[in-house]
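Coordinate inspection notes
Here is what each chain is made of, one letter per residue.
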Amino acid sequence: MTQLTLYGTPISTYVRTVRLLLEQAGADYDLESVDIFNGENQSAEYLAKHPFGKVPTLQVDEEVIYETSAITGYLDTVVANHKFSPTDPLTRARMQQIMAIIDSYLYAPVIGTIVIQRLIVPSQGGQPDENKIQAAIAPAKTALEAIEALTVGSPYLLGSEISIADFFLIPIFIYFSQTPEFNTITAQSPKIQAWWQEVSQLPVVKKVCA
């Protein structure tokens, strides 16, 4: 029996991405907390697993996999029998496009700037940097509208079946939807708005992202 251990900070969007897949697949796994806020991810022990000190990392028996797209691709194969990847080549390419847009163009303005400034900074007694927030709105909007253009949305991003692309975007929206910029940035993305209304109520989302 393969032993799966997921290392990471539970509130991390990317840790939640992997957990959504694992939970939706009904997989048996262990979650080992690695706190990025107190530097555990920079410990020699963790850097031996992930040389860049990011989360998550998946240990499969004695083997280690890092990078969320690699982890989710592996798990989709070994625990979900490809259930979360479309069989149609073009639709699968669209899934990979959405994942890449999230990684390269959406995460930084939304999580790295808007969410941090609106949610994290005030929780630590600071004042949001409005200039940084304003500068992040346009790139966030561009990225989201690119995803909107690729979205089928009935009810999931790529159609009637949930995919890895959904698992990537859901954790970001959990935080993003708590900011005042959310409605403005999603205003021109009706398919994404409808998608969020559906997926935010899924039991697996409530379990992993509560």
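Located above this text is the structure these notes cover.
What comes next concerns the included structure. (Residues numbered from 1 in each chain as written. Predicted model: local features only at pLDDT ≥ 70, side-chain atom pairs only at ≥ 80, totals over all residues. Heavy atoms only, no water.)

1. Considering a nonpolar patch on the surface
Nonpolar side chains collect at one region of the surface, where Ile11, Ile36 and Phe37 lie side by side and expose about 300 Å² of accessible area between them. With respect to the secondary-structure elements, Phe37 resides in the loop between β2 (30-33) and α2 (44-47). (Patch = residues over 30% accessible without salt bridge, like charges linked within 9 Å, V, L, I, M, F, W, Y side chains within 5 Å. Areas by Shrake-Rupley, 256 points an atom, 1.4 Å probe, with all protein chains shown as cover. Salt bridge = Lys/Arg side-chain N within 4 Å of Asp/Glu carboxyl O. Helix = DSSP H or I, 4+ residues; strand = E, 2+ residues; numbered from the N terminus.)

2. Points about the pairing of strand β1 (residues 4-8)
Within β1, 5 of the 5 residues are buried, which leaves it mostly tucked inside the rest of the structure. What you see with β1 is no split at all: Leu4, Leu6 and Gly8 on one side and Thr5 and Tyr7 on the other are buried throughout. Sheet topology note: the β1/strand β3 (residues 57-60) ladder contains 4 bridges and is antiparallel. Within the sheet, the bridge partner assigned to Leu6 lies in β3 and is Leu58. Bridge count between β1 and β2: 4 bridges; the pairing is parallel. The partner of Gly8 across the bridge, within β2, is Ser33. (Buried < 20%, exposed > 50% of the residue type's maximum accessible area, 1.4 Å probe, protein only. Pairing = 2+ DSSP bridges.)

3. A short note on the sheet that holds β2
Adjacent strands of a sheet form backbone hydrogen bonds with each other and so pair up, either parallel or antiparallel. The strand order across the open sheet formed by 4 strands is β2-β1-β3-β4, and the pairing between neighbours is mixed. Only two strands of the sheet have a single neighbouring strand rather than two, namely β2 and β4 (63-66). The mean angle between the axes of side-by-side strands here comes to 25°, regardless of whether they run parallel or antiparallel. In this sheet, β4 lies alongside β3 in antiparallel orientation, the contact comprising 4 bridges. Each residue of the ladder has a partner; that of Thr57, found in β4, is Tyr66. Helix α1 (residues 13-25) contacts β1 and β2 of the sheet and is inclined by roughly 155° relative to β1. (Axes fitted to C-alpha atoms, helices over the stretch in contact; angles between N-to-C directions. Contact = heavy atoms within 4.5 Å.)

4. Section: the nonpolar core
Soluble globular proteins: nonpolar side chains tend toward being buried together. Of all hydrophobic cores here, the largest spans 64 residues; its most connected members are Ile102, Leu106, Leu169, Phe173 and Trp195. Residue contacts for Leu106: discarding those within four places in its chain leaves Ile101, Ile111, Ala140, Ala143, Leu144, Ile147, Leu169 and Ile172. (Core = buried A, V, L, I, M, F, W, Y, C linked by side-chain atoms within 4.5 Å.)

5. Observations regarding the packing of aromatic side chains
Applying the stated criterion to the full structure yields 10 aromatic pairs. Seen in terms of ring centroids, Phe176 and Phe182 are 5.1 Å apart; in terms of plane orientation they differ by 80°. Their pairing is edge-to-face. For the residue pair Phe176 and Phe182, the accessibility class agrees, reading buried in each case. Measuring from centroid to centroid gives 6.0 Å for Trp195 and Trp196, while their planes differ by 40°, and the two rings are tilted. Take Trp195 and Trp196: they sit in the same class, and that class is buried. The structure contains a cluster of three or more aromatic residues connected by ring pairs, namely Phe173, Phe176, Phe182, Trp195 and Trp196. Here Lys49 stacks its cationic end above the ring of Tyr7, 4.9 Å away from the centre of that ring. (Phe/Tyr/Trp six-rings, centres within 6.5 Å; stacked < 30°, edge-to-face > 60°. Lys NZ or Arg CZ within 6 Å of the ring centre and 35° of its normal.)

6. Quick word on the layout of surface pockets
Taken as a whole, the largest pocket holds about 750 Å³ of empty space. Lining the largest pocket are 26 residues, and of these Ser12, Thr13, Tyr14, Ile36 and Tyr107 lie nearest its centre. Where the lining of the largest pocket is concerned, the elements lending two or more residues are α1, α3 (68-78) and α4 (89-123). A per-element tally of the lining of the largest pocket places α4 first, with 8 residues. Tallied by class, the residues present in the lining of the largest pocket amount to 14 nonpolar, 9 polar and 3 charged. (1 Å grid on protein atoms, 1.4 Å probe; cavity = no way out; pocket = protein on both sides within 12 Å on 5 of 7 lines; lining within 4 Å. Points joined across faces, edges and corners; volume = space filled by probe spheres on them. Nonpolar A, V, L, I, M, F, W, Y, C, P; charged D, E, K, R; others polar.)

7. Observations concerning helix α8 (residues 190-199)
Owing to its 3.6 residues per turn, the α-helix aligns residues three or four sequence positions apart on the same side. Here α8 has its buried residues at Ile192, Trp195, Trp196 and Val199. End-on, the buried residues of α8 take up no more than an arc of 100°, which puts them together on one face. Of the exposed residues in α8, the ones pointing more than 90 degrees away from its buried face are Pro190 and Gln197. Those residues of α8 that are buried are in contact with α5 (130-150), α6 (164-176), α7 (181-186) and α9 (203-209). (Arc of directions from axis to C-beta.)

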